[in-house]
Amino acid sequence: MRDWSIRTRVLVLALVPTCLVAIALTIYFAGGQLRDAENNLQRRAQTIAQQLAFASEHGVISADTEQLRNLIEGARNNDEDINAIAIFDAHQRLLASSGQSTHIESLRLGNLPDSIKLQVFTRGLVVQAPVVGQIQSPAFLRGDELKPDERSRIGYVGVLMS
C-alpha cells in the first residue's frame, strides 16, 4: 500500500466499504424474500386445507368418493406447488386422494386433529385440517348457532406442498 498513489488509495478506501455494504444488504433482503415466500406458502397451504375441509363435509358424511375426488382434482388443477391431497374419514380410511402413494401415506395421522396442524419437512410442507360435521347436528338443523362442542370431527384433509 506504500507505493500506491493517492488516487488508488482513495478509490480502495471508498470502494471496499461500499462493496461490503452492498453484499450485506443483498444477503439481508434475499433472506427476507425467502422468509416471505415460506410464510406465503404456509398461509396458502393452510387456506387450501381449510377450504377443502369445509367443502368436503358432505362428501365425508355420505362417503361420496366421486364428489371428493372431483373436489381434490379441482384444488390441484394446474397448481404445481401441491404434491398430494388426501381426505380421510374418522376411522383413518382413505376416501379420496391425488398424488403419489408415498406422499399420501405421509399425510396420514394417528389421531384426528383438533385444529389445523402444520409440519415442515425437507420434502415440503404438510397441513392437516379437521373436517367438522355440522350438518347432522340438531342445533344446525334448527338454525341455531353451534357451540364448539356440538361440532364433531368426522375426518380430516391432508395437503402436501413444496
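Keep in mind the model is a prediction, meaning the values are calculated, not measured. (Residues numbered from 1 in each chain as written. Predicted model: local features only at pLDDT ≥ 70, side-chain atom pairs only at ≥ 80, totals over all residues. Heavy atoms only, no water.)

Participant: Please clarify how helix H3 (residues 65-76) should be interpreted in this entry.
Facilitator: Along an α-helix, residues three or four apart share an orientation, since each turn contains 3.6 residues. Compared with the 16 Å implied by 1.5 Å per residue over 12 residues, the 16 Å span of H3 between its first and last C-alpha is a close match. Of the residues trailing H3, Asn78 is marked for its positive phi of about 60°. (Helix = DSSP H or I, 4+ residues; strand = E, 2+ residues; numbered from the N terminus. Expected span 1.5 Å × (residues − 1).)

Participant: What should I look at first to understand the environment of Ala63 in this one?
Facilitator: Here Ala63 lies in the loop between helix H2 (57-62) and H3. Residue class for Ala63 comes out partly exposed when judged on its relative accessible area of 45%. Counting along the chain gives 32 residues from Ala63 to Leu95, while the straight-line C-alpha distance between them is 7.0 Å. (Buried < 20%, exposed > 50% of the residue type's maximum accessible area, 1.4 Å probe, protein only.)

Participant: Can you walk me through the nonpolar core in this structure?
Facilitator: One recurring pattern in soluble globular proteins is that nonpolar side chains are buried together. The biggest cluster of nonpolar side chains holds 21 residues, and the ones touching the most others in it are Val60, Ile85, Val157 and Val159. Contributions of two or more residues to this core are made by helix H1 (6-55), H3, strand E1 (82-89), strand E2 (94-98), strand E4 (125-133) and strand E5 (152-161). No other element matches the five residues that H1 contributes to this core. Ignoring anything within four residues of it in the chain, the contact list for Val157 reads Ala49, Leu52, Ala53, Ser56, Ile85, Ala86, Ile87, Val127, Gln128, Ala129 and Val131. Counting residues in hydrophobic clusters, the runner-up holds 10 residues, among them Phe88, Leu112, Val126 and Tyr156. (Core = buried A, V, L, I, M, F, W, Y, C linked by side-chain atoms within 4.5 Å. Contact = heavy atoms within 4.5 Å.)

Participant: What's the story with the pairing of E2 in this structure? I'm lost.
Facilitator: Put simply, side chains in a regular strand alternate between the two faces of the sheet. Two strands pair when backbone bridges link them, and E1 and E2 are joined in this way by four bridges, in the antiparallel orientation. If you follow Ala86 over to E2, its bridge partner there is Ser97. (Pairing = 2+ DSSP bridges.)

Participant: Whenever I open this one, the pattern of salt bridges confuses me. Can you help?
Facilitator: A side chain with one charge can pair with a side chain of the opposite charge if their charged atoms come near. In total, this model carries six salt bridges according to the counting rule given. Asp89 is paired through a salt bridge with Arg93; the nearest N and O atoms lie 2.8 Å apart. Taking relative accessible area as the criterion, Asp89 reaches 8% and is therefore assigned buried. In this structure, Arg108 and Glu105 form a salt bridge, with 3.2 Å as the shortest nitrogen-oxygen distance. When its relative accessible area of 46% is taken as the criterion, Glu105 is described as partly exposed. Where salt bridges share partners, they join Arg44, Asp79 and Asp81 into one cluster. (Salt bridge = Lys/Arg side-chain N within 4 Å of Asp/Glu carboxyl O.)

Participant: Is there a simple way to think about the packing of aromatic side chains in this case?
Facilitator: What describes a pair of aromatic rings is the distance from one ring centre to the other and the angle between the planes of the rings. One pass over the full model with this rule turns up two aromatic pairs. Between Phe88 and Tyr156 the ring centres are 4.9 Å apart and the planes differ by 25°, which places this aromatic pair in the stacked class. Of the two residues, Phe88 is situated in strand E1 and Tyr156 in strand E5; the sequence distance between them amounts to 68 residues. Assessed through its relative accessible area of 0%, Phe88 is described here as buried. (Phe/Tyr/Trp six-rings, centres within 6.5 Å; stacked < 30°, edge-to-face > 60°.)

Participant: What should I look at first to understand the sheet that holds E5 in this one?
Facilitator: Strand pairing in a sheet is mediated by backbone hydrogen bonds. Such pairs are either parallel or antiparallel. What the five strands build is an open sheet, ordered E2-E1-E5-E4-E3; its pairing is antiparallel. The open sheet is flanked by E2 and strand E3 (117-120), the only strands paired with a single partner. For this sheet, the mean inter-axis angle between neighbouring strands, taken without regard to orientation, is 15°. Bridging between E1 and E5 involves seven bridges; their strand directions are antiparallel. Note on E5: the bridge partner recorded for Ile87 is Val157. Across the sheet, H1 is in contact with E1, E3, E4 and E5; its angle to E4 comes to roughly 25°. (Axes fitted to C-alpha atoms, helices over the stretch in contact; angles between N-to-C directions.)

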